[in-house]
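Below, each chain spelled out in residue letters.
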Amino acid sequence: MEIQWLKAFLAISEQGSVSEAAEQLHLTQPAVSKRLASLEQQLGTPLFDRIGRKLQLTNAGKALLPRARHILNEVSDAEHELRSIGETIGGSLRIATSHHVGLHHLPPVLRDFSNRYPDVSLDIDFLDSEQAYEALMAGEYELAVVTLALKDYPSLNAQIIWPDPCVVVAAPDHPLAQMPELDLPALAKYPAILPDLNTYTGRLIKREFDAHNLKLTAKLATNFLETIKMMAGVGLGWSVLPQTLVDDSLAELPVPQLRVVRNLGIIYHRNRTLSNAANALQQLLVKEARGL
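Treat the numbers as computed from the prediction; the structure is a model and nothing was measured.

About the cut-offs
Residues numbered from 1 in each chain as written. Predicted model: local features only at pLDDT ≥ 70, side-chain atom pairs only at ≥ 80, totals over all residues. Heavy atoms only, no water. 1 Å grid on protein atoms, 1.4 Å probe; cavity = no way out; pocket = protein on both sides within 12 Å on 5 of 7 lines; lining within 4 Å. Points joined across faces, edges and corners; volume = space filled by probe spheres on them. Helix = DSSP H or I, 4+ residues; strand = E, 2+ residues; numbered from the N terminus. Nonpolar A, V, L, I, M, F, W, Y, C, P; charged D, E, K, R; others polar. UniProt positions renumbered as here; feature names shortened; annotations may be inferred. Axes fitted to C-alpha atoms, helices over the stretch in contact; angles between N-to-C directions. Parallel < 35°, antiparallel > 145°, perpendicular 65-115°, else oblique. Left-handed = near helix turned anticlockwise from the far one by under 90°. Contact = heavy atoms within 4.5 Å. Phe/Tyr/Trp six-rings, centres within 6.5 Å; stacked < 30°, edge-to-face > 60°. Buried < 20%, exposed > 50% of the residue type's maximum accessible area, 1.4 Å probe, protein only.

*Asks:* Got a sec to walk through the layout of surface pockets? Specific residues and values, please.
*Replies:* Its boundaries defined by the atoms lining it, the largest pocket holds a volume of some 230 Å³. Considering the residues around the largest pocket, the lining is formed by 16 residues, among which L148, A149, L150, K151 and D152 are closest to the centre. Mapped by element, the contributors of at least two residues to the lining of the largest pocket are β6 (156-170), α9 (200-211) and β11 (260-269). Grouping the amino acids of the lining of the largest pocket by side-chain chemistry returns 11 nonpolar, 2 polar and 3 charged.

*Asks:* Outline unusual backbone geometry, supporting the account with residue identities and numerical values.
*Replies:* Across the chain, the bulk of peptide bonds are trans and the bulk of non-glycine residues have phi less than zero. Within the chain, H26 stands out as a residue other than glycine whose phi angle is a positive 60°. One can find H26 in the loop between α2 (18-25) and α3 (29-43).

*Asks:* Can you tell me about the UniProt feature "domain: HTH lysR-type" (unreviewed entry) in the protein, naming the residues and giving the values?
*Replies:* According to UniProt, the "domain: HTH lysR-type" (unreviewed entry) feature falls on residues 1-58. Summarising residues 1-58: 62% helix, 14% strand, and an end-to-end C-alpha distance of 19 Å.

*Asks:* So what's going on with the packing of helix α6 (residues 106-116) against helix α11 (residues 276-290)? Which residues, and what values?
*Replies:* Taken N-terminus to C-terminus, the directions of α6 and α11 make an angle of 135°; their axes are 10 Å apart at the nearest point. One finds that α6 runs oblique with respect to α11. Along this stretch, α6 crosses α11, giving a crossing that reads as right-handed. Contact residues: L106, V109, L110, D112, F113 and R116 in α6; A277, A280, L281, L284, L285, K287 and E288 in α11. The residue makeup of the contact of α6 with α11, split by class, is 9 nonpolar, no polar and 4 charged.

*Asks:* Just give me the short version of the packing of aromatic side chains, but keep the residues and values in it.
*Replies:* Across all of its chains, the model carries 5 aromatic pairs by this definition. Between the aromatic rings of Y133 and Y200, the centroid separation amounts to 5.6 Å while the plane-to-plane angle is 80°, which identifies the pairing as edge-to-face. In this pair, Y133 is assigned in helix α7 (residues 129-137) and Y200 in helix α9, connecting sequence segments 67 residues apart. Both residues of the pair, Y133 and Y200, count as buried. Where F209 meets W238, the ring centres are 6.0 Å apart and the plane angle is 15°; that geometry is what we call stacked. With F209 in helix α9 and W238 in the loop between α10 (225-233) and β9 (239-242), this residue pair connects regions lying 29 residues apart in the sequence.

Below you can see the structure in the form of structure tokens.
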């Protein structure tokens, strides 16, 4: 039983004729007659007696009339409620982010988001970027804001929000900081403190050394950039860190051969319909990328 059939039936019962019902529904008379005939055929009984120019409800028609009105009212209420949901930004929003992005880039955006949309309950998990990619593909989160992968994932959309240039650093009293000129062979002679070489950032660094057939000696490896910053600052080795993290505890080392630029941004599944809250957060992040 189709909704359009019930609408035709109700209009005919109210107007008493197919022609007037057709005018009310903005349809042709044959179209309305066909809908009524389809309904009567499915129910296996006539719904109107055709007496003169007017159509009168049969007993079956009289029994159907209140039910038809109820069904159409329920459909109208459902459409109204769904439209309201479509305009509301609330509910729970589960996202993932890396520690660096979550600590140094997301806070102003999240503050703005929370002020704009107080009815949204944010659920934020801190993951390595590589783990976030796997979780997004498994449908565990709507969005992730992380270091973007070095390759494309067909099932995921990725959008750059913050370019994140990195620089070579060491403690101000480290031997490398005393050298007037530096190159990759000079760095290779000293241990490094780096993110795991299987992370996106680690791969970028390792790729440069591999291109020059140089062995990269990682003395310690951790994925927490703030920890790497501390260990490099106390002289345990040189490192590569986002320029935004460099302060007086570190000396920036000029190494033209080692240029590392990560991209930080949003990822989400191509086949997932984002909630209104997720769309709203995405729009704020895009404005952030555009400097608006």
